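# Observations on the three-dimensional arrangement
Listed below, chain by chain, are the residues.
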Amino acid sequence: MGFRPFVYRLASAHGLAGSIANTPAGVTIEVQGSQEGIRSFLAELRQEPPPLSRITGLDIREVPCQSDRDFRILASYQNEEARSLVSPDVATCDECLRELFDARDRRYRYPFINCTNCGPRFTIIRHVPYDRANTSMAAFTMCPACQAEYHDPLNRRFHAQPNACWECGPQLTFHQTNGGFPRDRDAIASAAAALKAGLVVAVKGLGGFHLSVDAFHSDAVASLRQRKNRVEKPFAVMVPDVPAAAELCEMTASERQALLSMQRPIVLLRKKENIPLAEQVAPANRYLGVFLPYTPLHHLLFETGGFWALVLTSGNLSEEPIAIDNQEAFERLGRLADSFLVHDREILKRCDDSVVRIFDFGEKVLRRSRGYVPTPIFLHREVPPILAVGGELKNAICLTKDNHAFLSQHIGDLENIEARHFFEDTMQYWKRTLETEPAIVACDLHPGYFSTGWALRLTNSPVAVQHHHAHIASCMAENHLDGNVIGLALDGTGYGTDGHIWGGEILLASYEQFERLAHLEYVPLPGGEAAIRQPWRMAISYLQHCFGREFLKWNLPLVDQVSRKRVELLLQIIEGKVNCPLTSSCGRLFDAVAALVGIRYEVNYEAQAAVELEMAISDCSDTTAYPFELVTATQGTGWVTCAKSLFEALLADLRRGVAAGQISARFHNGLAETLAKNARLFRDQTSLNRVCLSGGVFQNGYLLHRLRSQLLAAGFEVFTHSQVPCGDGGISLGQALVAAHVHDRESNKLQRVRKDG
Ligand code: ZN
Ligand code: ZN
Ligand code: FE
């Protein structure tokens, strides 16, 4: 990762002789020279290691002098360590950028310029070790000039596997969908012109195709939405630089830093008022996903077109995996795009853009993909090799090796056939790369998940992990926790041990096991899946649950909006218990509230009602909190949080004409307060002081912020996610850790039995 050439240059600069080699224990550097030279060498090594490296420890020893005259990089490339570790894709570095726009440079305006510190990695690799021959750059033979750089240890392109130039490397072409794909001379200029004219251009990126339009061109944005069949889910926009982002959004120093980080994720930023951006880009959302150019191609496109912001959304029909192959793109995106900006370097690993949001306590990765993958999550102990297959939605799998958990790129919802193929390919790739065929397989408890079916095909006895237990274990794992914690797992859907749909759970959890301390009360989910798409059903379900048919007399706007007839039909379904599974889902409680206050009756994407309910809060100073009631469960142990008092207070506000935004704030406040109250109650019961917050609901910034501060004020240690998504994209990590501990327990048992025997 550019470390050895860096050390070579550093040693030479300080007049030191010696060598550097990769060894199974890590990198070994031997230097000899003046005291002063060695001292400054070490200081600079610590202070400014190359951007892609990470020094986890430095062990210094004095050894007898050798007869070295110069500094050498020893051949050690094919050792164990270097074999399996591949770097993620990295945004174009400043030095390459300077050359890109330097008319005297031989790579002037070359769209694939890169060096040891930047460029594609993970997305171009076929198999390890990471060597040009094993990447999609194998198809391009380096010209003598590139060769020379590649072999010169003093050159910043020394062993840069994707090294290329106009002479020898990949080339861009522009194709018109309706013109039988005639090639164009200046591809970038043609693409920029097409975007300016309001057309949809499919742009081949690092980890897949994007569909792009000018973000200020309302008609173009609208037509992209329509063609992509994406009704309201927000689009992300790419802007040329930080000032351009600052004109659109509010930005803190850490948000700015996240935008500029080498991962170049999409950062969720607060939109400014009255910006001329097409409303259709992110309707009903106070936030905007913004990212900066991360390939030379992006930089060239902005430089040529002078754009302020381009919509850049994944090249797919909604919810299918992103297209990566040129032919595949022409076929699948032919009806979505007016033209194509493509190149002839193959994308071998599909990898979507990552998404982060910055909180006062740090960065939270909401989708962990390009730029982050394949960097492992470092665990605090070694675990046996495990394959965890994740859940059903936003799937990502996890493989463990030693104290590393390798979380795959975002795979997506395993509901369509393309995503399932992607899931299978990804599993094969990671097993091959890590050279592991794990005997332990972990999956979700849900018998109907595609991933669970896969786990069962791999082994007769996978470790089936309850969904919310996996969420909490995932949070524990990334925070290096052991022992027991109080876990608050709030999300939309997860299969419970009692066969009901859980999602508002308070657990006493360790990796090995969990106990359900409390949950939101069960209410019917009328019509099953249909209730998830139509939040108004959840509102009626809660109303019926709390007040019977009484509410029909209250002239609720919702009832008229939806029509009395449909409400009556739904009541019959609920009363007759027809297709009405029970749920304790917190996501569905958000749905009910969003529908009741008139924010959203039906949704077009997952969690839309909850997102818009949060976004409706305009005044954060309102501290009124709707009450919840905590009662002991009638069956079994544990507590149940009831929402009747909440709805009474909410309906009273609604009658008084209190604004939706204010009602939303009071609902959020009430939920935070009741969760904190729960935590205190269980601290008294269990004397546990550590609380883990996990589950998709914690993407909600207002709730997370509020709850976290209350817990901290009450003296709790509060843990949540930063590197791993709090949503279902993170559960495979938790599954793996639970499986590791279950395995430990089983093998201990076995050993005891043997001893006793
Ligand atoms: Zn570079
Ligand atoms: Zn070349
Ligand atoms: Fe979940």
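Up top is the structure.
Basis of the calculations
Residues numbered from 1 in each chain as written. Chains lettered and ligands numbered in written order. Predicted model: local features only at pLDDT ≥ 70, side-chain atom pairs only at ≥ 80, totals over all residues. Heavy atoms only, no water. Helix = DSSP H or I, 4+ residues; strand = E, 2+ residues; numbered from the N terminus. Axes fitted to C-alpha atoms, helices over the stretch in contact; angles between N-to-C directions. Parallel < 35°, antiparallel > 145°, perpendicular 65-115°, else oblique. Left-handed = near helix turned anticlockwise from the far one by under 90°. Contact = heavy atoms within 4.5 Å. Nonpolar A, V, L, I, M, F, W, Y, C, P; charged D, E, K, R; others polar. Pairing = 2+ DSSP bridges. Donors = N, O, S within 2.8 Å, 3.2 Å for Na, K, Ca; no water. Tetrahedral: all angles 85-135°; square planar, octahedral: opposite > 155°, others 65-115°. Buried < 20%, exposed > 50% of the residue type's maximum accessible area, 1.4 Å probe, protein only.

It is worth spelling out unusual backbone geometry at this point. Following V128, the chain continues into P129 via a peptide bond in cis, with omega recorded as 0°. Along the chain, P129 falls in the loop between α4 (94-100) and α5 (144-151). One non-glycine residue, K394, lies in the positive phi region at around 50°. Relative to the assigned elements, K394 resides in the loop between β15 (386-388) and β16 (398-401). Of note in the backbone geometry, E435 takes a positive phi value of approximately 50° without being a glycine. Residue position: E435 is located in the loop between α12 (417-433) and β18 (440-444).

Close contact between helix α21 (residues 644-655) and helix α22 (residues 660-686) brings their axes to 10 Å; oriented N to C, the two are set at 165°. Here α22 runs roughly antiparallel to α21, going by the angle between their axes. The two elements α21 and α22 cross, and the hand of that crossing is right-handed. Residues L646, L650, D653 and L654 of α21 lie in contact with α22, whose contacting residues are I663, R666 and F667. For the contact of α21 with α22, the class distribution of residues is five nonpolar, no polar and two charged.

This part is about the sheet that holds β15. In a beta sheet, neighbouring strands are held together by backbone hydrogen bonds and run either parallel or antiparallel to one another. An order of β14-β17-β16-β15-β18-β19 is seen for the six strands of this open sheet, with the pairing classed as mixed. The outermost strands of the open sheet, each flanked by one partner alone, are β14 (377-378) and β19 (463-465). Of the pairings in the sheet, the one linking β18 to β19 comprises three bridges and is parallel in character. Directly across from C443, in β19, lies its bridge partner A464. Those strands touched by helix α13 (residues 450-458) are β15 and β18, and its axis lies near 155° from that of β18.

Bringing the coordination of the zinc ion (ligand 1) into the picture now. Within the protein, C93 (SG), C96 (SG), C115 (SG) and C118 (SG) serve as the donor atoms for the zinc ion (ligand 1), at 2.3 Å. Classification of the site at the zinc ion (ligand 1) as tetrahedral follows from its four donor atoms and the range of 104 to 117° in their angles at the metal. Mapping the donors of the zinc ion (ligand 1) onto the primary sequence yields the spacing C-x2-C-x18-C-x2-C. Within this pair, whereas C96 is found in helix α4, its partner C118 is found in the loop between α4 and α5, the two being separated by 22 residues in sequence. Accessibility assignment for this pair places C96 and C118 in one class, buried.

Read these as layout, nothing more, since geometry by itself doesn't imply function.
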